[in-house]
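# Survey of secondary and tertiary structure
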Amino acid sequence: MPTAKFIDTHCHLDGEEFRDDLDTVVQRAKDAGCAKVFIPAIDLPSCQTVMEVARRYPCFAYPMLGLHPEEVKVDWREVLSSIRQRLTANSQQSIAIGEVGLDFYWSREYEQEQLEAFEEQVRWSVEMRLPLMIHCRKAQNEMVAILKRYAHELPGGVFHCFTGNEQEARQLLEFDRFVLGIGGVLTFKKSHLPEVLPACVPLDRIVLETDAPYMAPVPMRGQRNEPAFIRHVITRLADAYGVSEEEICERTNRNVARIFSL
């Protein structure tokens, strides 16, 4: 077992899935070597719950506030106004704007609203100098088009849950202050990430994540995901890049420090 600590840059520990055993989950994470977890909001109610978890576990859990694209509806302007107030009013400041982005996987019913809500939160990132935690499914061209308008002003961020090919990776890496979030999908049998990542993504452009409780890595697939399970992702990344697990931890931790001001 590696001695180096790691950081889970994206997990939903405020969710109902962890309501009954959160203390135990956090202790397992720490025992596995997890030094910090970053918790993204997805809507207005979760802006409250992520702050509560951050207060419950100081210097371990850190909040990110934003509106998830699947939560964008006709009232998105009012919701964003309330989230903005929380961003500026809380004494425990959000470390990023997130989870934000575009998602046209299931439906394009609110496509225009998603585009406008995402761009508004991109502007927040520029104004507040907070990195972005970006979710994107079936919308990379639209996302890239928006980000390019602010490319020279953005402080950076994470393209969460990257699962794409070399062409998609290279396009995202053109945003030089951004990194790719890599999680359990890397370990899946049919994943092409073990080949794609070493071919075109330097280790200084990767951070670790779980997206817990979702997408648990092999051999935990099908279970509720949690931060302790990142160890399986670290092992697979080390194998893919031909380096030690300690180096994976150290390099990804440096990348986190470069992007997030903690």
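Before any of the text, the structure's been laid out above.
The sections below set out a description of the structure shown in this document. Note that the structure is predicted; figures quoted are calculated from it, not measured. (Residues numbered from 1 in each chain as written. Predicted model: local features only at pLDDT ≥ 70, side-chain atom pairs only at ≥ 80, totals over all residues. Heavy atoms only, no water.)

With 5 of 5 residues buried, strand β7 (residues 178-182) is to be regarded as a mostly interior element. Alignment of strand β6 (residues 157-159) against β7, held across 3 bridges, turns out to be parallel. Across the sheet, the residue bridging to Phe159 is Leu180, located in β7. For the segment spanning β6, helix α6 (residues 166-173) and β7, crossover handedness is right-handed. Regarding the hand of the β-α-β motif, the stretch spanning β7, helix α7 (residues 193-200) and strand β8 (residues 206-208) is right-handed. (Buried < 20%, exposed > 50% of the residue type's maximum accessible area, 1.4 Å probe, protein only. Helix = DSSP H or I, 4+ residues; strand = E, 2+ residues; numbered from the N terminus. Pairing = 2+ DSSP bridges. Right-handed = clockwise from strand over helix to strand, strands pointing away.)

This next bit is on unusual backbone geometry. Of note, the bond from Gly98 into Glu99 is cis; its omega dihedral lies within 30 degrees of zero at 20 degrees. The omega angle of the peptide bond from Val218 to Pro219 is 10 degrees, so this bond is cis rather than trans. Structurally, the position occupied by Pro219 is in the loop between β8 and α8 (230-241). The phi angle at Lys138 is positive, at roughly 55 degrees, despite the residue not being glycine. Relative to the helices and strands, Lys138 resides in the loop between β5 (132-137) and α5 (140-149). Residue classification places Lys138 among the exposed residues on the basis of a relative accessible area of 60%. One non-glycine residue, Asp211, lies in the positive phi region at around 60 degrees. Here Asp211 is to be found in the loop between β8 and α8. For Asp211, a relative accessible area of 9% corresponds to the buried category.

So, on to the pattern of salt bridges. Side-chain pairing between opposite charges can occur once the charged atoms of the two side chains come close. Scanning the entire structure with this criterion turns up 19 salt bridges. The salt bridge partner of Arg28 is Glu226, with a shortest N-O separation of 2.7 Å. A residue pair is termed long-range when its members are at least 10 positions apart, and Arg28 in helix α1 (residues 22-32) and Glu226 in the loop between β8 and α8 qualify at 198 residues. Taking the relative accessible area as the measure of exposure, Glu226 reaches 3% and is therefore buried. A salt bridge links Asp239 to Arg236, with the nearest nitrogen and oxygen atoms 2.9 Å apart. (Salt bridge = Lys/Arg side-chain N within 4 Å of Asp/Glu carboxyl O.)

Along α6, the residues that are buried comprise Ala169, Leu172 and Leu173. Buried residues in α6, looked at end-on, bunch into an arc of 100 degrees, giving them a common side. Of the surrounding secondary structure, the elements contacted by the buried residues of α6 are α5, β6, β7 and α7. For α6, the N-terminal capping position is held by Asn165, with its side-chain oxygen 3.1 Å away from the main-chain nitrogen of Gln167. (Arc of directions from axis to C-beta. Contact = heavy atoms within 4.5 Å. Polar contact = N/O pair within 3.5 Å; in protein donor to acceptor, adjacent residues only side chain to side chain.)

In this section: the sheet that holds β8. Hydrogen bonds along the backbone pair up the strands of a sheet, which may run parallel or antiparallel. One open sheet accounts for 5 strands, arranged β4-β5-β6-β7-β8; its pairing is parallel. Looking at strand neighbours, the two that pair on one side only are β4 (97-103) and β8, the edges of this open sheet. The sheet shows a mean angle of 30 degrees between the axes of neighbouring strands, taken without regard to direction. Pairing analysis gives 3 bridges linking β5 to β6, with the strands arranged parallel. Along β6, the bridge assignment pairs Met133 with Val158. Where helix α4 (residues 111-128) meets the sheet, its contacts fall on β4 and β5, and the angle it forms with β4 comes to roughly 150 degrees. Against the sheet, α8 touches β7 and β8, its axis set at about 150 degrees to β8. (Axes fitted to C-alpha atoms, helices over the stretch in contact; angles between N-to-C directions.)

Right, let's talk about the packing of aromatic side chains for a bit. Summed over all chains, the structure comprises 6 aromatic pairs. Note on Tyr105 and Trp106: the rings are 4.8 Å apart at their centroids and 90 degrees apart in plane angle, and the pair reads as edge-to-face. Directly above the aromatic system of Phe60 lies the positively charged group of Lys30, at a separation of 5.0 Å from the ring centroid. The ring of Tyr105 has Arg137 sitting right over it, with the charged end atom 4.4 Å from the ring centre. (Phe/Tyr/Trp six-rings, centres within 6.5 Å; stacked < 30°, edge-to-face > 60°. Lys NZ or Arg CZ within 6 Å of the ring centre and 35° of its normal.)

Remember, this is a structural readout, not a statement about activity or role.
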